[in-house]
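This is what each chain is made of:
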Amino acid sequence: TYLNNILYISYDGLTDPLGSSQVMPYIEGLVAYNYHFTIVSLEKHEAFKAIEPHIKKRLQGKPVKWVPLTYKEGRGMKSKLHNNRSLKNTVCEILEKAKFDLIHARSYPASLIALKASQKKGIPFIFDMRGFWADERVDGKIWNLKKPFHKLLYNYFKQKEKLLLKKSRHVISLTQAAKNYMVNHFAKRVNENKITVIPCCADLDHFNLPKGNEREKSRAKLQIKNSQRVIIYSGSVGTWYLLDEMVAFFKCFMEKFPDAVFLILTQKDHALVHDTFIRQGIHAANYRVAGAIREKVPEFIHAADASLYFIKPAFSKMASSPVKLAEFMGCGLPVIANAGIGDVDEHAAENNQLILVHELNRTGYLAAIDTILALPKSKEAARNFALTHYSLEMGVERYKKVYENILGK
């Protein structure tokens, strides 16, 4: 049988947490359907050194060729241009040597390279947008529109966004909310049949319900008693995730449960986390900070009774689909999240294991705490919701359908 050749371009490295949870599993699922991948990705030095053997092992014997490039670290324009050039030149070289049926580009910088390659070689490309990139940079205070250069960059990428929506063969959106916005505001460039919604899915065989005494074992390692209430947050802190507000929520929770524990699972910035707890007057006995590789994350989640995340409210966050939601619910935990982000409001309306905080202040926190305490705890209800909306199989199936539509299967 003829294998369809897919060139996959990603600014995120396969050795990044995002790469290993949001690129690899889909590709591993798609190779079963006669797709052959060449992946070009930018890899950060430290992560690459630590995780490269693990990724290579996962790819062994699969029809996947991985071309890892070195990601040049640094905040300035110089390193950005270097990364872009290295990605672009490598893609051009690969396209000279082999024939491809489709280019799958993840996020904006990769998609701009795909657009050029597509125009030159006539290969269709998928704009896997992951969110409104230029708006995220403004909302996340990376770009300041009062600075002429940042304003110029913003306008440049918003123009390119229109072009990517128009010229791509298909568009992938993380949320229905972002799809609705595009259909209403960019109707001339993109009709709704051209956009498929694929949220950040999780491998729910890995993120599963605790078995036997797993919960007790996890708690023992963390020196938490079985009688204590535990809330967990996992992921990065800062920029989008509101650590101060999450700790303030926990402080309200401690009024009802003085021996409660807030478990923060994050790879970096441990000092910042400790400072935040100290600043809000929370004693070391009431919190734990740990880092964990993806393989170990479910163990920590199993120690908790509920999970929490607050995302900075902003225009661009209508396109946000945090994978932690799928992971927490896959492990059977109710989730407390702030309203108005991505598709979370619609999801909460159909499932009582997702509790919304409507205002990020004491009133909002106490109302959500009352809701969660009155809630009939059902690990199965949380997990079933994750299986319906966020399973890896569903994500792979949707990507497969997009590929088939383009390649005329």
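Refer to the structure presented above.
Keep in mind the model is a prediction, meaning the values are calculated, not measured.

What counts, and at which threshold
- Throughout, residues of each chain are indexed from 1 in the direction in which the sequence is written.
- Two thresholds apply to this predicted model, a pLDDT of at least 70 for residue-level local features and 80 or more for giving and counting side-chain atom pairs, whereas whole-chain, interface and lining totals are computed over all residues.
- Calculated side-chain values reflect all of the structure's heavy atoms, with hydrogen atoms and water omitted.
- Helix and strand definitions follow DSSP, with helices as H or I runs of at least four residues and strands as E runs of at least two, each counted in order from the N terminus.
- Each radius of gyration is computed over the set of C-alpha atoms, and the globule rule expresses the reference value as 2.2 Å times the number of residues to the power 0.38.
- In this scheme, a residue with accessible area under 20% of its type's maximum is buried, one over 50% is exposed, and one in between is partly exposed, where area comes from a 1.4 Å probe on protein chains only.
- Should any heavy atoms of two residues lie within 4.5 Å, those residues are counted as being in contact.
- By the counting rule applied here, Lys and Arg register as positive and Asp and Glu as negative, while His and the ends of each chain are not counted.
- Throughout, a charge is located at the NZ atom of Lys, the CZ atom of Arg, the CG atom of Asp or the CD atom of Glu.
- By definition, two strands form a pair when at least two bridges between them are found by DSSP.
- Inter-axis angles, ranging from 0 to 180 degrees, are taken between N-to-C directions of lines fitted to C-alpha atoms, where helices are fitted over the stretch in contact.
- Working rule for helices: expected span equals 1.5 Å times residues minus one.
- Note on bend: the value at a residue is the angle between axes fitted to the seven residues ending there and to the seven starting there.
- Nitrogen and oxygen atoms within 3.5 Å of one another constitute a polar contact, given that in protein one can donate a hydrogen and the other can accept it, and given that sequence-neighbouring residues count only through two side-chain atoms.
- Directions are taken from the helix axis to each C-beta atom, and the arc is the one they span.
- Any two of the Phe, Tyr and Trp rings considered here, Trp counted by its six-membered ring, make a pair once their centres fall within 6.5 Å; the pair's planes then place it as stacked at under 30 degrees, edge-to-face at over 60, or tilted in between.
- What counts as a salt bridge is simple: a side-chain nitrogen of Lys or Arg found within 4 Å of a carboxyl oxygen of Asp or Glu.

### Considering the overall build of the chain
When its secondary structure is counted, the chain shows 17 helices and 13 strands. Its C-alpha radius of gyration of 22 Å places the chain within 12% of the 22 Å reference for a compact globule of 409 residues. Along the three orthogonal principal directions, the C-alpha set of the chain runs to about 65 × 50 × 40 Å. Counting every position in the chain, which comprises 409 residues, the buried fraction comes to 56%. For the chain, restricting intrachain contacts to residue pairs at least 6 apart in sequence, the fraction spanning at least 24 positions comes to 75%. Measuring between centres, the 60 positive side-chain charges of the chain sit 7 Å from its 40 negative side-chain charges.

### Section: unusual backbone geometry
Outside of glycine, negative phi angles account for most residues, and trans bonds account for most peptide bonds. The phi angle at N34 is positive, at roughly 70 degrees, despite the residue not being glycine. Not every positive phi belongs to a glycine, and R130 is a case in point at roughly 60 degrees. Its place among the elements puts R130 in the loop between β5 (125–128) and α6 (133–139).

### Focus on the sheet that holds strand β13 (residues 354–357)
One open sheet accounts for six strands, arranged β10-β9-β8-β11-β12-β13; its pairing is parallel. The open sheet has two edge strands with one neighbour each: β10 (287–290) and β13. Recorded for the sheet is a direction-independent mean angle of 25 degrees between the axes of neighbouring strands. For strand β8 (residues 230–234) and strand β11 (residues 306–309), the ladder comprises two bridges, and the chain directions are parallel. Counterpart to I232 in the pairing with β11 is S307. The strands that helix α11 (residues 270–279) touches are β9 (261–265) and β10; relative to β10, the one it contacts most, it runs at about 170 degrees.

### Quick word on helix α3 (residues 45–59)
One full turn of an α-helix is made of 3.6 residues, so residues set three or four places apart face in the same direction. With 15 residues, α3 should cover 21 Å at 1.5 Å per step; its first-to-last C-alpha distance of 20 Å lies within 8% of that length. The axis of α3 is deflected most strongly, by about 55 degrees, at I51, and proline P53 appears within four residues downstream. Of all the positions in α3, only A47, I55, R58 and L59 are classed as buried. On its buried face, α3 sits against α1 (17–22), α2 (24–30) and β3 (64–70). Directly beyond the C-terminal end of α3, a positive phi value near 75 degrees is found at G61.

### Let's talk about the environment of Q22
Assignment of secondary structure puts Q22 in helix α1. For the pair Q22 and P199, spaced 177 residues apart in sequence, the C-alpha separation works out to 10.0 Å. Look past the residues within four positions of Q22 in its chain and what remains in contact with it is R106, R130, C200, C201 and V323. Among the polar contacts made by the side chain of Q22, one reaches the side chain of Y26 at a distance of 3.4 Å. Within polar-contact distance, the side chain of Q22 engages the backbone oxygen of C201 at 2.8 Å.

### Some words on helix α4 (residues 77–97)
Spanning 21 residues, α4 covers 31 Å between terminal C-alpha atoms, matching the ideal 30 Å at 1.5 Å per step. The set of residues buried in α4 consists of S79, N83, S86, L87, T90, V91, I94 and L95. Axial view of α4: buried residues confined to an arc of 160 degrees, hence all on one face. Residues of α4 that are exposed and point more than 90 degrees away from the buried face comprise K78 and E96.

### Structural notes on the packing of aromatic side chains
Enumeration according to the criterion identifies 23 aromatic pairs in this entry. Here F262 and F277 contribute two aromatic rings whose centre-to-centre distance is 5.9 Å and whose plane-to-plane angle is 85 degrees, an arrangement assigned as edge-to-face. Residue F262 is located in strand β9, and its partner F277 is located in helix α11; the two are separated by 15 residues in the primary sequence. Across this residue pair, the class does not change: F262 and F277 are buried. Ring geometry for F310 versus Y365: centroids 5.8 Å apart, planes at 10 degrees, classification stacked.

### Thoughts on the pattern of salt bridges
Under the criterion given, the structure shown has 20 salt bridges. Two residues, D12 and R106, come together in a salt bridge whose shortest N-O distance is 3.2 Å. Here D12 is found in the loop between β1 (4–10) and α1, whereas its partner R106 is found in strand β4 (residues 102–106), with 94 residues between them in sequence. Ionic pairing is found between R58 and E28, a salt bridge with its closest N-O pair at 2.9 Å. With a gap of 30 residues between them, R58 in helix α3 and E28 in helix α2 connect regions that are remote in the sequence.

### A word on the environment of H358
Structurally, H358 can be placed in the loop between β13 and α15 (362–374). Spatially, the C-alpha atoms of H358 and A368 are 8.4 Å apart, while their sequence positions differ by 10 residues.

### Some details on the sheet that holds strand β7 (residues 195–197)
The sheet built from seven strands is open, its strands ordered β3-β2-β1-β4-β5-β6-β7 with parallel pairing. The two strands at the open ends of the sheet, each matched to only one other strand, are β3 and β7. When the angles between neighbouring strand axes are averaged without regard to direction, this sheet yields 20 degrees. Strand direction decides the pairing type here: strand β2 (residues 35–43) and β3, joined by seven bridges, are parallel.

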